[in-house]
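The residues making up each chain are set out below.
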Amino acid sequence: MPNPTPRTRPRNGIPASPPRIIIEHVAPAVDGGRYPAKRLPGDAVTVTAIVYREGHEFVTGRVRYRPPGERRWRYAPMTYARDFDRLTGTFVVDRTGVWTFGVEAWTDRFGTWQADLVKRVDAAQDLAEELREGATMVAAAAEAADGPARETLAALAAALRNEKEAGPDRAERALAPEVYPLVAAHLPPGDLTAAPDDLRLVVDRERAGVGAWYEMFPRSQGTEPGRHGAFADAARRLPRLAELGFDVIYL
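This text gives an overview of the structure that appears in the document. (Residues numbered from 1 in each chain as written. Predicted model: local features only at pLDDT ≥ 70, side-chain atom pairs only at ≥ 80, totals over all residues. Heavy atoms only, no water.)

## Brief notes about the packing of aromatic side chains
Condition: Two aromatic rings from Phe, Tyr or Trp, using only the six-membered ring of Trp, form a pair when their centres are within 6.5 Å; if the ring planes differ by under 30 degrees the pair is stacked, by over 60 it is edge-to-face, and anything between is tilted. Strands are runs of DSSP state E lasting at least 2 residues, helices are runs of H or I lasting at least 4, and numbering of each runs from the N terminus. Only protein chains enter the accessibility calculation, which uses a 1.4 Å probe; a residue whose area is less than 20% of its type maximum is buried, one above 50% is exposed, and one in between is partly exposed. Throughout this description, the term charge over a ring refers to an Arg CZ or Lys NZ atom that lies within 6 Å of the ring centre and within 35 degrees of the ring normal.
Under the defined criterion, the tally for this structure stands at eight aromatic pairs. Both rings, one in Phe110 and one in Tyr180, keep their centres 6.5 Å apart while their planes meet at 25°; by these two values the pair is stacked. Linking Phe110 in helix α1 (residues 109-122) with Tyr180 in helix α5 (residues 179-186), this pair joins segments that are 70 residues apart in sequence. Taking relative accessible area as the criterion, Phe110 reaches 2% and is therefore assigned buried. In textbook terms, an aromatic cluster arises when at least three aromatic residues are bridged by ring pairs, as seen for Tyr65, Phe91, Trp99 and Phe101. The ring of Trp73 is capped by Arg64, whose NZ or CZ atom sits 4.6 Å from the centre of that ring. Arg82 extends its terminal NZ or CZ atom over the ring of Phe58, reaching a point 3.6 Å from the ring centre.

## Concerning the pattern of salt bridges
Between side chains of opposite charge, pairing is possible as soon as their charged atoms come close. Rules: Salt bridge, as used here, is a side-chain nitrogen of Lys or Arg placed within 4 Å of a carboxyl oxygen of Asp or Glu.
Across all of its chains, the model carries 18 salt bridges by this definition. With a closest N to O distance of 2.7 Å, Arg62 and Glu104 form a salt bridge. In this pair, Arg62 is assigned in strand β4 (residues 59-66) and Glu104 in strand β7 (residues 97-107), connecting sequence segments 42 residues apart. For Arg95, the salt bridge goes to Glu70, with nearest N and O atoms at 3.4 Å. Residue Arg95 is found in the loop between β6 (86-92) and β7, and its partner Glu70 is found in the loop between β4 and β5 (74-81); the two are separated by 25 residues along the sequence. When salt bridges that share partners are traced, they join Arg62, Arg64, Glu104 and Asp198 into one network.

Laid out in C-alpha cells, this is it:
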C-alpha cells in the first residue's frame, strides 16, 4: 500500500489544505507496508522516512515503536539529513512476535533558530531580538524539564536575556555543542505530526535467519526401477540429509 501523508476531509465542500509536515516512504516496509518486514531478536532496526515541510524551517522527529503485548509506545530519537530530507532512527527488538512502529515529526524550532543566529553573527548584525527569541524557547524547555536539566536550561535562558553581556558572547553560549541536544530533548513540539500509517514488523525465532535448505522432489526418491518415489521414500532420506548439514527440507 502507498504511504501518503493524509489530507483532512473537505469541509463545507471546500478541500482542506494538506498538513504542513509531510512524512513519506517510511521503511523498513515490504510492498509499501502491505506485508511486514522481518527481523530476529537482538537486531537493531533502522527506520527511515522522507520528511519535509513548507517554508525553510528544519524538521526533526522520532521513531515510536511498540513490542508485542504492550499498549504504550516507546520512543527513539531520529537524526535529520537536511540535504536529503531524510530522518533516520534505530531501535532494538528483544523478543519474537509482531511489533508496531511509526514515525513522528515536528518543526525543529531551536535548530532553525541556531542556524539563523549563526548567519546573523557572521553578518555582524544586531542580535538583541534573536537572543530574546532564543531565550523564550530555552525557558519553555526548562519548564518542561526537571532536575539538573531544568536548572541548566533556566540558567541559560537567564544568560541569554542578560543584556549587560555582549550579544556575540551570549550567542556563543547559545551555540555551544551541548546546548542543542539539551533543548531539543525538552522543548515541547508545536506541530507534532504522525505518519499516516503505522507499520508491522515480525520478529521471528533465530532459526528463521540461518538454515541450509535442501530442495527435494519426493517422486524422485524411489529406489525400485519403474516405480516413482513416495513420501515414505523421501522420509527415509532425511537422516542422510541431516548428516550432510541440511536443516530445512523444501518439497
